[in-house]
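# Reading the structure
Residue strings, one per chain:
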Amino acid sequence: MPSYHPAAIEPRWQDYWLKNKTFRTPDPEAGGAGKPKYYILDMFPYPSGAGLHVGHPEGYTATDILARYKRMRGFAVMHPMGWDAFGLPAEQYAIETGTHPRVTTEKNINTFRRQIQMLGFSYDWDREVDTTDPNYFRWTQWIFLLLHDTWFDAAAKKGRPIAELPIPAEVKSQGEAAVRKYRDSKRLAYQAEVPVNWCSALGTVLANEEVIDGRSERGGHPVVRLPLRQWMLRITDYADRLLEDLDTVDWPASIQEMQRNWIGRSEGAEVDFTALLPGGGERTLRVFTTRPDTLFGATYMVLAPEHPLVPDLTTGNQMPAVTTYRDQASRKSDFERTELAQEKTGVFTGSYAVNPVNGKQVPIWIADYVLAGYGTGAIMAVPAHDERDHAFAVKFNLPIVQVVSPQDGAKIAEGAAFCEPGLARNSGFLDGLKTPEAKSRMIDWLEKETKGTRKVNYKLRDWLFSRQRYWGEPFPLLHEIGADGEPTGRIEPLDRAELPLKLPVLDDYKPSGRPEPPLGKATDWVEVQRDGTTWRRELNTMPQWAGSCWYYLRYLDPKNDQAFCDPAKENYWMPVDLYVGGAEHAVLHLLYSRFWHKVLFDRGHVKTAEPFKRLVNQGMILGEMEYTAFKNPAGAWVQPNQRDKEGVEAVRLNEDQVEKKGDSFVLKADPGIKVDARANKMSKSRGNVINPDEVVKDYGADSLRLYEMFMGPLEATKPWSMRGVEGVYRFLSRVWRVFMDDRAEEMKLNPQVTAGAPDAETLRALHQTIKRVTEDLDHMRFNTAIAAMMEYTNHLTPLASKPRAALEPFVLLLAPFAPHLAEELWRALGHAETLAYESWPSFDPALLVASTIEIPVQVNGKLRSKLVVAPDTAKEELEKMALADPKVQENLAGRAPKKVIVVPGKLVNVVG
RNA sequence: GCUGGAGUGGCGGAAUGGCAGACGCAGCGGACUUAAAAUCCGCCGAUGGGUGACUAUCGUGGGGGUUCGAGUCCCCUCUCCAGCACCA
């Protein structure tokens, strides 16, 4: 083995670790107990057909380094990996190629596993989980049944068994069917006829979170609204707890904020208006408002087009306009409603309602700026103090009455709404009150008059939990079929012992293009005879998020067939101490997981209220820096701001064709022309995707790992640079040469490696390095830890004698980062065993101190001289030396020093 | 528009309120070599002065402030990135 050759070293150690089960994690009762535990989790990947990209190993390397470090620090480390393998792409691919999703999924998993193992991660492969494995989704179904068996006790703020749900006497008196119906209406998993996001291209409904700008998150297909019977999960019941408990976790502020915004709690009141029906009679029209203090300024009302009272409230001559408007609105996607509807639209119903506070009649309109799904689907419009209402009132010439004035007496801008808090006016008993007091006074009045109540609303909606697809978990539920062949509405869960309910084998799993699930085609599977009754299985499947909601628990006990996880193991390992993954899961996966976890917590199956104690988001890795200039059709260079003009062509440039001028880059050949310099997201279409396989082939896994960590802080977005990979490869080669004789034919230590004692300077450098690497690891500052090791290597390289005592601890420091190389060097140094459980080197603070140090001396804050002194030189001594310094004298130019600041060991500043 | 984050050499990035630019890349010079690659050694923010060791001034997006001292703290402002966006 002459020189550093990762391709020869790395597969050998990967085999060694696998064969010896080096990273098998003992269960607590089998020797893990006694050690402190550390659960370090990666977001498991969806095994796509494209294979691993360089974004995956970024987070995985960070966690792997910490896992290896923590093991060496004596922790029992849980560090598992698995596959989030249900979901649309596998099914799409299956439809296109006629291959069963099971087959492609298995193939993709094998590719991912091979690629991940190729990077030398220290996962315990005996704990691998796969969400599509019946032994796994058996428990996903089990947890679904638990949700189905749970109702939310609002008083106790806690989920409880449905058997404990109090049944009102009048329901009980109506018999068993009524009781069942009542129970079904309170379960955390319930059915509802809801307008859903139907995507005909994908053949499924999507959750709100999966729809971006009116198009599907996957594939970008158009999405329309359609009413459909769906399974829902009552996540809104947990909104308050999901919000409050954010304060108990150590997560990035941005993610916490995104979750808070998503939950969107707002406090206000529900107010009942009396709507006067055109044909005579009255109806209660309930609205939600956060500004009950402005009730006197409510000059009209607006209902969502879908509001159920609209038909009753529409007068004969308004009917055609209202019908047309509702029709248009129903066909519009959310995208068209929001993006294209900057201009307010709406239609008058012809009816009026009575404002409860002043008895005035106000017109009732419908408009699509009011959303059916939020609050009550109706608003009281206060155009003077709400921008949207103001814009609508101006457009349709509705009255605007000001009922709040700015507290400082400032004038309200002409033609704008005043939305800040202020002082109430034109508001009867509220006049003169500040907005917060006015709000609560108004609510008190409403409650006394039984015309309204205090109310909290959330943007968060219940979670649409069913999909009309094949490749997902089947619902373990049976629908009773009556003698007429129609469902009776009675639903029974499968017995827990009947789980898992496997997917039927289907030749044709194509979506029909209509909202009927493909599982309906498996007629044998669908119909079940039981107790002399015919039952039909639920045909929907669960969404992809289901399996990922609880996988971190299954790792703890992946083979258990009695429970999703042994409580003793859960108790030992949970919570997850560190969870690393991309920010794209900020709201979806992380909110759903927290919700499920809280239900498990309420029902006594887990011991912690939150699953993930600490969360870190790795930043995105962009492609290489690109320099682009632009040419017009005549072939002349133009400025980048002309890029969108017709016929202008982008030209990729090399680094040496451009130069920096001022703030921007310009063409070297024509410095008047600016050049666009930026790194872009990696994408197939852009052709800037880096394949980890290639990098490993050319430089080895250790170089890839090290480079991804050396690029910059883990959380930062940063551009890829192949030259940077080469740089860390050179570093590893240099490390190799410090230890090994690279001229020798066979594996042989560098003859400079000696048994002698390190000199004082080397010892100090070593202990300095141990300190820096240790502290940097504790703070996840991988880039600076690597820099410290580079500096130490630079120190070792020129030494003619390289003492083992200075080398061995360094191998251990390097091991978490470049484990293959470190194992190889450890072996070469004569150790027979893996270094994975060697104890982490410690540093001696006494050895960190240099015999002399340099103290900068400033005059009036500017560096003028330096003193070379013993580290413990006293303050007075330093002051004396500084004042005596010729440079200081010169810069004082004869002035007497007014003040001398001395920070011992740090600096002297003479003010004169 | 709202929220969160970031602006430091040619590039990626370092800096408990105390020597700005650690470490790496690129570049330049040298050694080794018949030569190249690899490797090793040195230089490497800008401007001015000096043959030179050196030296002066400026310099962390921009403007103000606090401080003996600010990349770091405070106020204002600009730009970029990410997320949300008619949620009453």
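Read on for a plain summary of the structure. Treat the numbers as computed from the prediction; the structure is a model and nothing was measured.

## A few points about the overall build of chain A
Within chain A one finds 29 helices and 40 strands. Taking the principal axes of the C-alpha coordinates as reference, chain A spans close to 105 × 85 × 70 Å. In chain A, which comprises 912 residues, the share counted as buried stands at 52%. For chain A, the accessible surface area stands at approximately 40,700 Å², while carbon and sulfur atoms represent 50% of it. Of the side chains in chain A, 113 bear a positive and 122 a negative charge, and the two mean positions are spaced by 2 Å.

## Details of the state of the cysteines
Throughout the structure, instances matching the rule amount to zero disulfides. Cys 565 takes part in no disulfide bond, and the closest cysteine sulfur to it belongs to Cys 549, at a distance of 16 Å.

## Notes on the sheet that holds strand S40 (residues 907-911)
The mixed open sheet is built from four strands, whose spatial order is S38-S37-S40-S39. Edge positions in the sheet fall to strand S38 (862-869) and strand S39 (899-903), since each of these pairs with one other strand and no more. Strand-to-strand twist in this sheet, taken as the mean axis angle between neighbours without regard to direction, amounts to 20 degrees. Where S39 lies against S40, five bridges are found, and the strand directions are antiparallel. Its bridge partner lying in S40, Lys 899 is registered against Val 911.

## Notes on helix H14 (residues 435-448)
Its 14 residues place the ends of H14 20 Å apart at the C-alpha level, agreeing with the 20 Å of an ideal helix rising 1.5 Å per residue. Taken together, the buried residues of H14 touch strand S12 (265-276), strand S18 (404-405), strand S19 (423-424) and strand S20 (452-458). Following H14 by one or two positions, Thr 450 adopts a phi angle in the positive range, close to 50 degrees.

## A look at the sheet that holds strand S25 (residues 533-537)
The sheet built from four strands is open, its strands ordered S23-S22-S25-S24 with antiparallel pairing. Across the chains shown, the open sheet's two edge strands, defined by having one partner strand only, are strand S23 (487-493) and strand S24 (527-530). Taking each pair of neighbouring strands and ignoring which way they run, the sheet shows an average axis angle of 35 degrees. Pairing geometry for S24 and S25, over four bridges, is antiparallel. Its bridge partner being in S25, Gln 529 is matched across the sheet by Thr 534.

## Quick notes on the environment of Thr 22
Tracing the sequence through the fold places Thr 22 in the loop between helix H1 (6-19) and strand S1 (37-42). The spatial distance from the C-alpha of Thr 22 to the C-alpha of Thr 834 is 8.1 Å, given a sequence separation of 812 residues. Non-local contacts of Thr 22, meaning those with residues more than four positions away in its chain, are made with Tyr 16, Trp 17, Thr 834, Ala 836 and Tyr 837.

## Focus on the protein's contact with RNA strand B
Close contacts around RNA strand B come from 51 residues, with Ser 266, Thr 290, Lys 344, Arg 388 and Asn 909 the closest. Considering RNA strand B, the proportion of its atoms within 4 Å of the protein that are sugar or phosphate atoms stands at 66%. At a separation of 2.7 Å, a sugar or linking oxygen of RNA strand B approaches a polar backbone atom of Tyr 369. Side-chain polar atom of Lys 862 to a phosphate oxygen of RNA strand B: 3.4 Å apart, as the coordinates give it. Counting residues per element, the surface near RNA strand B draws most heavily on helix H24 (residues 782-796), which supplies six residues. Its residues assigned to classes, the surface near RNA strand B comprises 19 nonpolar, twelve polar and 20 charged.

## Describing the side chain of Glu 626
Its place among the elements puts Glu 626 in strand S28 (residues 621-631). Classification of Glu 626 by relative accessible area gives buried; the value is 7%. A distance of 3.2 Å separates a polar atom in the side chain of Glu 626 from a polar atom in the side chain of Asn 680. Setting aside its immediate chain neighbours within four residues, Glu 626 contacts Arg 652, Asp 676, Ala 677, Arg 678, Asn 680, Arg 686 and Asn 688.

## Things to note about the pairing of strand S15 (residues 347-354)
Along S15, six of the eight residues are buried, which leaves the element largely enclosed by surrounding structure. For S12 and S15, the ladder comprises three bridges, and the chain directions are antiparallel. Looking at S15, one finds that Thr 274 is bridged to Val 354. Across five bridges, S15 lies against strand S16 (residues 361-366) in antiparallel orientation. Pairing of Tyr 352 across the sheet is with Pro 363, part of S16.

## Observations concerning the packing of aromatic side chains
Per the stated rule, a full pass over the model turns up 51 aromatic pairs. Summarising the aromatic geometry, the rings of Phe 121 and Tyr 123 are spaced 5.8 Å apart at their centres and angled 65 degrees between planes, so their arrangement reads as edge-to-face. Aromatic side chains Tyr 572 and Trp 573 sit 4.8 Å apart centroid to centroid with 85 degrees between the ring planes, which places their arrangement in the edge-to-face category. Residue classification places Tyr 572 among the buried residues on the basis of a relative accessible area of 18%. Through a chain of ring-to-ring contacts, the aromatic side chains of Phe 144, Trp 231, Trp 463, Phe 465, Phe 475, Trp 545, Tyr 592 and Trp 596 assemble into a single cluster. Directly above the ring of Tyr 38 sits Lys 70, whose terminal nitrogen or CZ lies 4.6 Å from the centroid. In this structure, Lys 70 packs its charged tip against the face of Phe 75, placed 4.6 Å from the ring centre.

## Section: the pattern of salt bridges
Between side chains of opposite charge, a pair can form as their charged atoms come close. Overall, the coordinates contain 54 salt bridges when judged by the stated rule. With a closest N to O distance of 3.1 Å, Arg 781 and Asp 776 form a salt bridge. Given a relative accessible area of 35%, Arg 781 falls into the partly exposed group. Residue Asp 776 is classed as buried on the basis of its relative accessible area of 8%. Two residues, Lys 866 and Glu 854, come together in a salt bridge whose shortest N-O distance is 3.9 Å. Of this pair, Lys 866 sits in strand S38 while Glu 854 sits in strand S37 (residues 853-859), and the two are twelve residues apart along the sequence.

## Here's the deal with the side chain of Ser 427
With respect to the helices and strands, the residue Ser 427 is situated in the loop between S19 and H14. Beyond its immediate sequence surroundings of up to four residues, Ser 427 is in contact with Asp 293, Phe 296 and Val 403.

## Re helix H4 (residues 101-117)
Look at H4: 24 Å from first C-alpha to last across 17 residues, which is about the 24 Å you get at 1.5 Å a residue. Buried positions along H4 lie against helix H2 (55-72), strand S3 (82-83), helix H3 (88-97), strand S4 (129-130) and helix H20 (692-699).

## A closer look at the pairing of strand S22 (residues 477-481)
Looking along a regular strand, one sees side chains alternate from face to face of the sheet. S22 sits mainly inside the fold: five of its five residues count as buried. Going residue by residue along S22, you find Leu 477, His 479 and Ile 481 tucked away on one face and Leu 478 and Glu 480 tucked away on the opposite face as well. Strand direction decides the pairing type here: S22 and S23, joined by four bridges, are antiparallel. By the bridge assignment for S23, Ile 481 is matched with Pro 487. Hairpin connection, S22 to S23: the antiparallel pair is bridged by five residues, and Gly 485 has positive phi, about 80 degrees. With four bridges joining them, S22 and S25 adopt antiparallel strand pairing. Bridge pairing in S25 links Ile 481 to Thr 534.

Cut-offs used in this document
- Residues numbered from 1 in each chain as written.
- Chains lettered and ligands numbered in written order.
- Predicted model: local features only at pLDDT ≥ 70, side-chain atom pairs only at ≥ 80, totals over all residues.
- Heavy atoms only, no water.
- Helix = DSSP H or I, 4+ residues; strand = E, 2+ residues; numbered from the N terminus.
- Buried < 20%, exposed > 50% of the residue type's maximum accessible area, 1.4 Å probe, protein only.
- Areas by Shrake-Rupley, 256 points an atom, 1.4 Å probe, with all protein chains shown as cover.
- Lys, Arg positive; Asp, Glu negative; His and termini not counted.
- Charge placed at Lys NZ, Arg CZ, Asp CG, Glu CD.
- Disulfide = S-S within 2.5 Å.
- Pairing = 2+ DSSP bridges.
- Axes fitted to C-alpha atoms, helices over the stretch in contact; angles between N-to-C directions.
- Expected span 1.5 Å × (residues − 1).
- Contact = heavy atoms within 4.5 Å.
- Near = heavy atom within 4 Å.
- Polar contact = N/O pair within 3.5 Å; in protein donor to acceptor, adjacent residues only side chain to side chain.
- Nonpolar A, V, L, I, M, F, W, Y, C, P; charged D, E, K, R; others polar.
- Phe/Tyr/Trp six-rings, centres within 6.5 Å; stacked < 30°, edge-to-face > 60°.
- Lys NZ or Arg CZ within 6 Å of the ring centre and 35° of its normal.
- Salt bridge = Lys/Arg side-chain N within 4 Å of Asp/Glu carboxyl O.

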